[in-house]
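# Residue-level structural notes
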Amino acid sequence: MTFSPATLSVAGEILDNVAYQRDAAKPILGRDSELADLAEHLGLRGEPRSRAVLLAGDAGVGKTRLIAELTDQLSAAGWVTMVGHCLDFADAALPYLPFSEIFGRLTTTDAELAALLAEDHPALTHLQPGRRMISGTAERPSENLDRAELFDAVHGALEKVGSSAPLLVVVEDVHWADQSTRDLISLLFARSFDSPVSVLASYRTDDLHRRHPLRATVAEWTRLPGLRRLQLGPLPDAYVRRLVGGLQVGAMSERDLHTIVARAEGNAFFAEELTVASEMGSEGLPDDLSDLLLVRLDRLGDSAKQVVRAASCSGRRVSHILLSQVVDQDDEELERSLRAAVESNVLVQVGVDGYAFRHALLAEAVYDDLLPGERGRIHAAYAQALSSRVVDGTAAELARHARAANDLDTAIRASISAGRDAMSVGGPDEAARHYEAALDLLSDPKREVPVGLDPISLVVDAAEAVTASGHPQRAVALVEDQLRHLSTDAPARDRARLLMAMATAASLTDVPTGALEAMTEALSLIDDEPTPLRAKLLSALALANAQRGRDEEAARHAAEALGLAQQLGLPRVVADATTTLAGIDERGGDPDAARTALEQIVVLARSQGHTGAEMRGLFLLGGLHHERAEYEEAQRIYALAESTALAAGRPWAPYGFDGRMMGALTAYQRGLWDDALAMADYSGQSPPQLPEAMLNAVKMLVAAGRGDRATLRFFEQSRPLWEREGLLALVGGAAAIELYGQDGDITAMLAAHDDVVANATRIWQEFFAGRIRLSALVLGQLASAVVTARVSDRHVLMAPVAGLVTAVEGVRQRIDKRKQPLGPEGVAWLARSHAEHLRLRWLADIDPPHEQDLVAAWEEATTAFTVMGHPFETARSQARLASVLRAMGRTSEARENALAARHTARQLGAEPLLAELGQLGAGSGREVDSRRNTELTTRETEILTLVAQGRSNGEIARQLFISPKTVSVHISNILAKLGAASRTEAAAIGRRDGLLPDQLPAR
């Protein structure tokens, strides 16, 4: 047998220079049970045994990675591991290649042992790499070797190695092994060893077509007593997610991550390749991966290739009868072609009459490899078979094939039918895609509208589907585009319907820009006749007015819509109008009436199957309880809104997702932080961009409470979305203020506050209610920062205070003018903002408040948060109240509040609060010797250090949380002990005698 130079070059590189390469930094994922099983089977943690193992799995599923981890563990336990590889040389396979690699490497790593083995077993010299290469200089044997002698030599050599230490021999990729190598492995599997020698062989299951030579051999191996066959299946999705997360360089949306996980189908190699492609901005298959997949087709004949290529146009799966209508082959030839494809592991049989590609990416690769004309012809054949009803199929299938075949009229009708079908079974994402595809086909001005098709209804349906899928802003843009291109001579009714669709979608966003104006214009375009359209317009106009705070107009339009809807028998309009009236009642100071009305609406909407009205009613009802701080009931109702959306297949739809979001925020407020994180976890759910960002904001809140700065990336990533959702900026901004403040980055904290306020002002108004909370948080961080700030820097910290206080007062005055007062949450944050302001002035020693006023303010804030039911903010208020009480000398009260705060902080894992409490407990008065064994106590040393910095008694008292009187007493004692006549002299003595730090903190 001869070998080409290229083959020998590759073989030489493998034999002379192979070292098992892998990224040791990457942890093995999802294979713990398999790894433990192998370790147990080999006796890693007990008495080493002689075992035979057959490891099987598809290409890229992780066999090599598992073997690497196993050999690492064995090596760490003192085992010897030898690894050899089979290579794909097609018909030019090199006999015994993996064993040449094994013994060839041994001559490099342990030349003395290799020489001893060669001396005891001379036949091994025939496997030396240098003897097998054309360019090799080693002397070649003059006589051919009997195979039995070589087998005995290999077995004896391995026995010898195993006598010194347990040995594992690994032969990878046996599907490429030559017959001689397979025979040698068979011998090693079958013949026992006296010393602990185990043999593991791996192969690709997807390469074992029906006629593969290894197929029969594997069957023989599995019948051997004691052989363990381990089939490595696909990785679970959770581990693929972690793998992709570890590979990605930049930020990746959950939707993109979900797509990669779904396409990889548990194959680690595919996941890695798709991740790299995604990082490079490519959504298709990487060329290298595509080429690798298409290699499988090379072994098929022309007829089988034709069938596989036709099947790829159907997607992942195709029925036998449909394929028979598309492929120009008689029944007998088609069966032969399919059998060949199945035996080659390209297709697998599914059910009794279908076939699917072994892997979805293989279908993609084959489809991408089709020529444009070839692809069009195949799709046309599919469309003909489906539209003629010769073969039954779905409208979605017909739409796809018709569009690819350029049969656009058929594609439009089928897309609309597919959209309606998807909406009927709770698939708004799919419906939106179908409707938008139809609109795209109709966008050509030269194309005539198919007979019987109403384009306006199509736009309205598309906007509804897009909104239900969680993209109301996109729905607004979609309708606006249609309005811009609406013919000037179009009927007024058509424009009115489009305006209503646009306004309806806009009213479901946080920025309902133009909704009121659009609805007003729409109503003016139709006559006063009592029609369903008029009832719907009146109801939508009522909502638009209510969102602008125009309650009188809203109530008038809602009442008219309600009456008209009852007259015409329009239950959905009845529910919508009644819900709007209930919301007006709530704002008008009659929450009990609003609650009763909303409860009735929910029951009615549920009985009528009006999912949108049911979700809206539940969300508003939950909000009513939330406003009263009835958090447990609010969370229960929010969960109902979410579950209703899920049951309807609309997890990201307005009101349904809002229920989930508010449920998570409520859990955070209740101190159920782990529950909040669970509700905010969207792993594997593929959310739209805005819902994903909003759930990330909830994660930020918990992270801020626990001191995890890593989530600040969510804040920066969300900025482009603020203009679409004020709550996103508000929640994320509150967390960012805390996180930046904890880091001492006051500049970034103030910038975050100002950016959030500016955005929320554009969306809502200047003095929005959430501004109280933002101001309180900033004041609190400034107060904490002023304690250690240099005197020269204090003006910087105090500069924004006046504006913050003015903002709080502006919000308070605005709320006082409305009929409904602040709820428990607003009351708590208002009290907190006042207490933080007083604390800041007290610590900065700038217009300090009376101590009793300071205590009273913090007692009020603590009580308010207790009433609100916010454990974390209650604990934080208790901690700051304790610091004030301690400074007043009220130590028992201070201790009581500090203990309560510490208990809550530990339950929540609130590390920053625990650190704050730790500072409060520092300096307990325990006496220690100074470095010169002076008589100064620890507290006196602390105070002398601050005196040397030029701090006043008031400043020292605030920093150490003690009273100024106590500071004065300590200073008198210090002067007496040091024999100093003044504070300045005491500081000088302290420096001279080494009682102070070598470098004092900057003042």
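Chains are numbered independently. Their residues run from 1 in the order of the written sequence. Per-residue local features are limited, in this predicted model, to residues with pLDDT of at least 70; the limit for side-chain atom pairs, both in listing and counting, is 80 or more; totals at the level of whole chains, interfaces and linings are taken over all residues. With hydrogens and water stripped out, all remaining heavy atoms of the structure feed into the side-chain values.

## Considerations on the overall build of the protein chain
Only DSSP runs of H or I covering at least 4 residues are called helices, and only runs of E covering at least 2 are called strands; the numbering of each starts at the N terminus. The helix and strand inventory of the protein chain stands at 49 helices and 8 strands. Taking the principal axes of its C-alpha atoms as reference, the protein chain extends roughly 105 × 100 × 45 Å. A 1.4 Å probe rolled over the protein chains alone gives each residue an accessible area, and that area as a share of the maximum for its type sets the label: buried under 20%, exposed over 50%, partly exposed in between. Counting over 1003 residues, the protein chain shows a buried share of 52%. Of all intrachain contacts in the protein chain linking residues separated by at least 6 positions in sequence, the fraction that spans at least 24 positions is 68%. Here the protein chain has roughly 44700 Å² of accessible surface; of this, 50% comes from carbon and sulfur atoms. The charge count includes Lys and Arg as positive and Asp and Glu as negative, but it does not include His or the ends of the chains. By convention, the point assigned to a charge is CZ for Arg, NZ for Lys, CD for Glu and CG for Asp. Looking at charge distribution, the protein chain has the averaged site of its 104 positive side-chain charges lying 4 Å from that of its 137 negative ones. Contact criterion: two residues are considered in contact whenever any of their non-hydrogen atoms come within 4.5 Å of each other. Residue burial considers only the protein chains on display, and all accessible areas are found by Shrake-Rupley using a 1.4 Å probe.

## Regarding the sheet that holds strand β7 (residues 347-350)
Taken in spatial order, the 3 strands make up an open sheet running β6-β8-β7, and their pairing is antiparallel. On the outer flanks of this sheet lie β6 (317-319) and β7, each paired with one strand and no other. Looking at each pair of strands side by side, their axes are set apart by 30° on average, direction ignored. With 4 bridges joining them, β7 and strand β8 (residues 354-357) adopt antiparallel strand pairing. Strands were regarded as paired on the criterion that DSSP finds at least two bridges between them. A fitted line through C-alpha atoms serves as each axis, taken over the contacting stretch for helices, and the angle formed by two N-to-C directions is quoted from 0 to 180°.

## A word on the confidence of the model for the protein chain
Per-residue confidence from the predictor is given as pLDDT, running between 0 and 100. Summarising the model, the protein chain shows a mean pLDDT of 85, and 91% of its residues fall at 70 or more. When the criterion is pLDDT under 50, residues 132-142 qualifies, and its contacts beyond four places in sequence or with other chains add up to 24 contacts. Counting contacts from residues 922-933, a segment whose pLDDT is below 50, to residues more than four positions away or on other chains yields 18 contacts.

## Here's the deal with the pairing of strand β4 (residues 197-204)
The buried fraction of β4 is high, at 8 of 8 residues. Of the two faces of β4, both are covered, the one formed by V197, V199, A201 and Y203 as well as the one formed by S198, L200, S202 and R204. With 6 bridges connecting them, strand β1 (residues 52-57) and β4 associate as parallel partners. Paired with A56 across the strands is Y203, a residue of β4.

## Quick word on the nonpolar core
Only buried residues count toward a nonpolar core. Its members are Ala, Val, Leu, Ile, Met, Phe, Trp, Tyr and Cys residues joined through side-chain atoms within 4.5 Å. In terms of nonpolar packing, the biggest core is built from 112 residues, with V308, L323, F357 and V479 touching the most fellow members. Apart from residues lying up to four places away in sequence, V308 is in contact with L297, L300, A341, V346, L347, F357 and V366. Counting residues in each nonpolar core, the second largest holds 109 residues, with Y631, A680, L774 and L908 among its members.

## Things to note about the sheet that holds β4
The sheet built from 5 strands is open, its strands ordered β2-β3-β4-β1-β5 with parallel pairing. For this open sheet the edge positions go to β2 (80-85) and β5 (227-232), each flanked by a neighbour on one side alone. When strand polarity is set aside, the average angle formed by the axes of neighbouring strands in this sheet is 15°. Seen against the sheet, helix α2 (residues 32-42) touches β1, β3 (167-172), β4 and β5 and runs at an angle of roughly 170° to β5. Strands in contact with helix α7 (residues 147-164) are β2, β3 and β4; relative to β3, the strand with the most contacts, it is inclined by about 135°.

## As for the side chain of T579
One can find T579 in helix α28 (residues 571-587). A relative accessible area of 1% means that T579 is categorised as buried. Leaving out residues up to four positions away in the same chain, T579 has contacts with L598, I601, R616 and L620.

## Re the pattern of salt bridges
Just to be clear on terms, a salt bridge is a Lys or Arg side-chain nitrogen sitting within 4 Å of an Asp or Glu carboxyl oxygen. On inspection of all chains with the given rule, the structure shows 44 salt bridges. Between R228 and D37 there is a salt bridge, and its shortest N-O distance comes to 2.9 Å. Linking R228 in strand β5 with D37 in helix α2, this pair joins segments that are 191 residues apart in sequence. Among the ionic contacts, a cluster of salt bridges with common partners joins E738, R832, E836, R839, E873, R876, R880 and E916.

## Looking at the packing of aromatic side chains
Each aromatic pair joins two rings of Phe, Tyr and Trp (for Trp, the six-membered one) with centres within 6.5 Å, and gets the label stacked for planes under 30 degrees apart, edge-to-face for over 60, and tilted for any other angle. Taken as a whole and judged by the stated rule, the model has 10 aromatic pairs. Look at W829 and F865: their rings are 5.0 Å apart centre to centre, the planes differ by 85°, and that puts the pair in the edge-to-face class. Within this pair, whereas W829 is found in helix α41 (residues 824-844), its partner F865 is found in helix α42 (residues 851-868), the two being separated by 36 residues in sequence. Its relative accessible area of 5% is what places W829 among the buried residues. Three or more aromatic residues joined by ring pairs make a cluster, and in this case those are F619, Y638 and Y655. A cation sits over an aromatic face here: R375 above Y367, 4.7 Å from the ring centre. Sitting over the ring of Y682, K699 keeps its end group 4.0 Å from the ring centre. By the criterion adopted, a ring carries a charge over it if an Arg CZ or a Lys NZ lies within 6 Å of its centre and within 35 degrees of its normal.

## Considering helix α21 (residues 428-442)
By this rule the span expected of a helix is its residue count minus one, scaled by 1.5 Å. For α21, built from 15 residues, the straight-helix expectation of 21 Å at 1.5 Å per residue is met to within 8% by its first-to-last C-alpha distance of 21 Å. Here α21 has its buried residues at P428, A431, A432, H434, Y435, A437, A438, L439, L441 and L442. Close packing links the buried residues of α21 with α19 (395-404), α20 (408-424), α22 (455-468) and α23 (472-484).

## Considering the environment of G426
Structurally, the position occupied by G426 is in the loop between α20 and α21. Each C-alpha atom, one on G426 and one on A264, is 26 Å from the other, the two residues being 162 residues apart in sequence. Those residues in contact with G426 that sit more than four places away from it in its chain are A648 and G649.

## Remarks on unusual backbone geometry
If a residue is not glycine, its phi is most likely negative; likewise, a peptide bond is most likely trans. Despite not being glycine, Y96 shows a phi value in the positive range, around 60°. In this structure Y96 comes out as buried when scored by relative accessible area, which is 10%. The backbone phi angle of A629 is positive, close to 65°, even though this residue is not glycine. For A629, the location among the structural elements is in the loop between α30 (611-627) and α31 (631-647).

## With respect to helix α46 (residues 938-948)
Most of α46 sits out of view: 8 of its 11 residues are buried. Listed in full, the buried residues belonging to α46 are R939, E940, I943, L944, T945, L946, V947 and A948. Residues of α46 that are buried sit in contact with α43 (871-887), α47 (953-960), α48 (964-978) and α49 (983-992). At the C-terminal side of α46, G950 shows a positive phi close to 90°.

## A word on the environment of E397
Structurally, E397 can be placed in helix α19. For E397, a relative accessible area of 28% puts it in the partly exposed group. Taking the C-alpha atoms as reference points, E397 and H471, 74 residues apart in sequence, are found 25 Å from one another. Not counting residues up to four positions away in its chain, the partners in contact with E397 are L322 and L386.

## Quick word on the side chain of S469
Residue position: S469 is located in the loop between α22 and α23. Contacts of S469, omitting those with residues within four sequence positions, involve P428, D429, W652 and P688.

## A closer look at the packing of helix α14 (residues 302-312) against helix α16 (residues 331-343)
Two elements in contact, α14 and α16, have axes whose closest approach is 8 Å; the angle formed by their N-to-C orientations is 80°. Overall, the two elements α14 and α16 adopt an arrangement that is roughly perpendicular. Of α16, the residues touching α14 (which contributes S303, A304, V307 and V308) are E333, L334, S337, L338, A340 and A341. An angle below 35 degrees is read as roughly parallel, one above 145 as roughly antiparallel, one from 65 to 115 as roughly perpendicular, and any other as oblique.

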